[in-house]
Amino acid sequence: TPLQALVMLNDPTILEASRVMAEKLMQENSSTESKINKAFRIILCRKTEDQEKKVLLKYFTDEKNELGRKPKLAALLLQVGEAPMAKIVDPISEAALMETIHMLYNLEETITK
């Protein structure tokens, strides 16, 4: 229902889960693509297909560019939730990864399986 979609998009628990996963992935010495693939595997329990990789990397890049123009928004995103924040080296990339993970949590496949 529309109400369920709004809850998934705005629920602090989902946002915090996205932030915490992004923080953990950002601490790994791996490429952005590897981080996104790992998040996908954790959330959807399968590997990404080629077209999905392209879409996710484009989404990440678009979010990173947008948040680069709005660093205050990136800082606000990274403050959501009660879990202590990890040391942030690159807040723009971390916030973009958080938004990408948030999108994964909101996929129909994630919600219904």
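Remember, predicted model here, so these are calculated numbers, not experimental data.

Each value, and the rule that gives it
- Residues numbered from 1 in each chain as written.
- Predicted model: local features only at pLDDT ≥ 70, side-chain atom pairs only at ≥ 80, totals over all residues.
- Heavy atoms only, no water.
- Core = buried A, V, L, I, M, F, W, Y, C linked by side-chain atoms within 4.5 Å.
- Buried < 20%, exposed > 50% of the residue type's maximum accessible area, 1.4 Å probe, protein only.
- Helix = DSSP H or I, 4+ residues; strand = E, 2+ residues; numbered from the N terminus.
- Contact = heavy atoms within 4.5 Å.
- Axes fitted to C-alpha atoms, helices over the stretch in contact; angles between N-to-C directions.
- Parallel < 35°, antiparallel > 145°, perpendicular 65-115°, else oblique.
- Left-handed = near helix turned anticlockwise from the far one by under 90°.
- Nonpolar A, V, L, I, M, F, W, Y, C, P; charged D, E, K, R; others polar.
- Salt bridge = Lys/Arg side-chain N within 4 Å of Asp/Glu carboxyl O.

Undergrad: When you look at the nonpolar core in this model, what are you seeing that I'm missing?
TA: Grouped burial of nonpolar side chains is what soluble globular proteins tend to show. Met21, Ile43, Leu67, Leu97, Met98, Ile101 and Leu104 are the most contacted members of the largest nonpolar core, which has 25 residues in total. Those elements that provide at least two residues to this core are helix 2 (12–26), helix 3 (32–44), helix 4 (50–69), helix 5 (71–77) and helix 6 (91–105). Among the elements that make up this core, the one with the highest residue count is helix 6 (eight residues). Those residues in contact with Leu104 that sit more than four places away from it in its chain are Ala39, Phe40, Ile43, Leu44, Leu56 and Thr110.

Undergrad: Explanation requested: the packing of helix 2 against helix 3 in the structure shown.
TA: Helix-helix packing is described using two parameters, namely the angle between the two axes and the distance between the axes. At a minimum axis distance of 10 Å, the contact between helix 2 and helix 3 shows a crossing angle of 135°. As summarised for this structure, helix 2 and helix 3 are arranged oblique, according to the angle between their axes. As helix 2 packs across helix 3, the resulting crossing turns out to be right-handed. The residues of helix 3 that touch helix 2, namely those facing Met21, Leu25 and Met26, are Lys35, Lys38, Ala39, Ile42 and Ile43.

Undergrad: Would you mind showing me how to read the packing of helix 3 against helix 6 here?
TA: At a minimum axis separation of 10 Å, helix 3 and helix 6 run at an interaxial angle of 30°. One way to sum up the angle between helix 3 and helix 6 is to call them roughly parallel. In this structure, helix 3 crosses over helix 6, and the sense of that crossing is right-handed. From helix 3, Lys35, Ile36, Ala39, Phe40, Ile43 and Leu44 reach across to helix 6, where they touch Leu97, Thr100, Ile101, Leu104 and Tyr105. Here the contact of helix 3 with helix 6 is composed, by residue class, of nine nonpolar, one polar and one charged.

Undergrad: Would you explain the pattern of salt bridges in this entry?
TA: Where charged atoms of side chains with opposite charge meet at close range, the side chains can pair. Scanning the entire structure with this criterion turns up eight salt bridges. Between Glu52 and Arg46 there is a salt bridge; the shortest N-O distance is 2.6 Å. The exposure class assigned to Glu52 is partly exposed, which follows from its relative accessible area of 22%. In this structure, the salt-bridge partner of Asp62 is Lys58, at a minimum N-O distance of 2.8 Å. One end of the pair is Asp62 and the other is Lys58, both in helix 4 and four residues apart, which spans about a single turn. Given a relative accessible area of 37%, Asp62 falls into the partly exposed group. Exposure remark for Lys58: the relative accessible area of 52% places this residue in the exposed category.

Undergrad: It is not clear to me how the environment of Arg19 should be interpreted in this structure. Could you clarify?
TA: Within the secondary structure, Arg19 sits in helix 2. Taking relative accessible area as the criterion, Arg19 reaches 0% and is therefore assigned buried. The spatial distance from the C-alpha of Arg19 to the C-alpha of Glu99 is 8.2 Å, given a sequence separation of 80 residues. Apart from the residues within four sequence positions on either side, Arg19 is in contact with Leu77, Leu78, Val80, Gly81, Ala83, Pro84, Met85 and Met98.

Undergrad: I would appreciate a short explanation of the side chain of Thr100 in the present structure.
TA: Its place among the elements puts Thr100 in helix 6. When its relative accessible area of 1% is taken as the criterion, Thr100 is described as buried.

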